[in-house]
Amino acid sequence: MKSASLPSLRVDPELRQAAERVLREGESLSNFMEQSLRAQVTLRQNQREFIARGLAAREQARRTGTYYSATAVHDELHAMLATAGKHPAKR
């Protein structure tokens, strides 16, 4: 697959220096920027999907009249985590 270029990025010198200070061994500033861009794209996609699921759940609740309390949801989540061995059972 052909690679594509992104527009040049102009930043304050302080931001560039801060980015250079956190580079890992063998990591280039270009690689850091690409990884940061990938992470932000993934984050925004996840946020968009999360909001879409929330809006769909709201519409389903309105349509069916079925609602759940926060306590019931938290209890179920705690139980799921306890079953998975990731979290102690709720006290």
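Just so it is clear, the model here is predicted, and its values are computed rather than measured.

Chemist: When you look at the overall build of the protein chain in this model, what are you seeing that I'm missing?
Modeler: Within the protein chain, the regular secondary structure consists of three helices and zero strands. Reading the protein chain from its N end, one meets helices and strands in the order α-α-α. For the protein chain, whose C-alpha radius of gyration is 22 Å, the value lies well above the compact-globule estimate of 12 Å for 91 residues. A total accessible area of about 8800 Å² is found for the protein chain, and carbon and sulfur atoms account for 55% of it.

Chemist: Please clarify how helix 3 (residues 70-84) should be interpreted in this entry.
Modeler: One full turn of an α-helix is made of 3.6 residues, so residues set three or four places apart face in the same direction. Its 15 residues place the ends of helix 3 21 Å apart at the C-alpha level, agreeing with the 21 Å of an ideal helix rising 1.5 Å per residue. Backbone geometry just downstream of helix 3 places Gly-85 in the positive-phi region, at approximately 75°.

Chemist: Quick question: what am I supposed to make of the pattern of salt bridges here?
Modeler: When charged atoms on two side chains of opposite charge get close, those side chains can pair. Throughout the structure, instances matching the rule amount to four salt bridges. With a closest N to O distance of 2.7 Å, Arg-38 and Glu-34 form a salt bridge. In this pair, Arg-38 and Glu-34 both sit in helix 2 (residues 29-64), four residues apart, roughly one turn of the helix. A salt bridge links Arg-62 to Glu-59; the shortest N-O distance between them is 3.3 Å. In this pair, Arg-62 and Glu-59 are both assigned in helix 2, three residues apart and thus about one turn of the helix distant. Residue class for Arg-62 comes out exposed when judged on its relative accessible area of 51%. Using a relative accessible area of 35% as the deciding quantity, one classes Glu-59 as partly exposed.

Chemist: Which parts of the structure should I look at to understand the layout of surface pockets?
Modeler: One number sums up the size of the largest pocket: a volume of about 710 Å³. If you trace the largest pocket, you find 18 residues lining it, with Leu-6, Leu-9, Ser-30, Met-33 and Glu-34 closest to the centre. By residue class, the composition of the lining of the largest pocket is 11 nonpolar, four polar and three charged.

Chemist: Looking at this structure, I do not really get the environment of Thr-66. What am I missing?
Modeler: Following the sequence through the fold, Thr-66 ends up in the loop between helix 2 and helix 3. Classification of Thr-66 as partly exposed rests on a relative accessible area of 38%. Separated by 60 residues in the primary sequence, Thr-66 and Leu-6 have C-alpha atoms spaced 47 Å apart.

Chemist: Would you mind going over helix 2 with me for this structure?
Modeler: Helix length check: helix 2 (36 residues) gives 52 Å between terminal C-alpha atoms against 52 Å at 1.5 Å per residue, within 8%. Gly-65 sits one or two residues past helix 2 and shows a positive phi near 75°.

Rules of the game
Residues numbered from 1 in each chain as written. Predicted model: local features only at pLDDT ≥ 70, side-chain atom pairs only at ≥ 80, totals over all residues. Heavy atoms only, no water. Helix = DSSP H or I, 4+ residues; strand = E, 2+ residues; numbered from the N terminus. Rg over C-alpha atoms; globule rule 2.2 N^0.38 Å. Areas by Shrake-Rupley, 256 points an atom, 1.4 Å probe, with all protein chains shown as cover. Expected span 1.5 Å × (residues − 1). Salt bridge = Lys/Arg side-chain N within 4 Å of Asp/Glu carboxyl O. Buried < 20%, exposed > 50% of the residue type's maximum accessible area, 1.4 Å probe, protein only. 1 Å grid on protein atoms, 1.4 Å probe; cavity = no way out; pocket = protein on both sides within 12 Å on 5 of 7 lines; lining within 4 Å. Points joined across faces, edges and corners; volume = space filled by probe spheres on them. Nonpolar A, V, L, I, M, F, W, Y, C, P; charged D, E, K, R; others polar.

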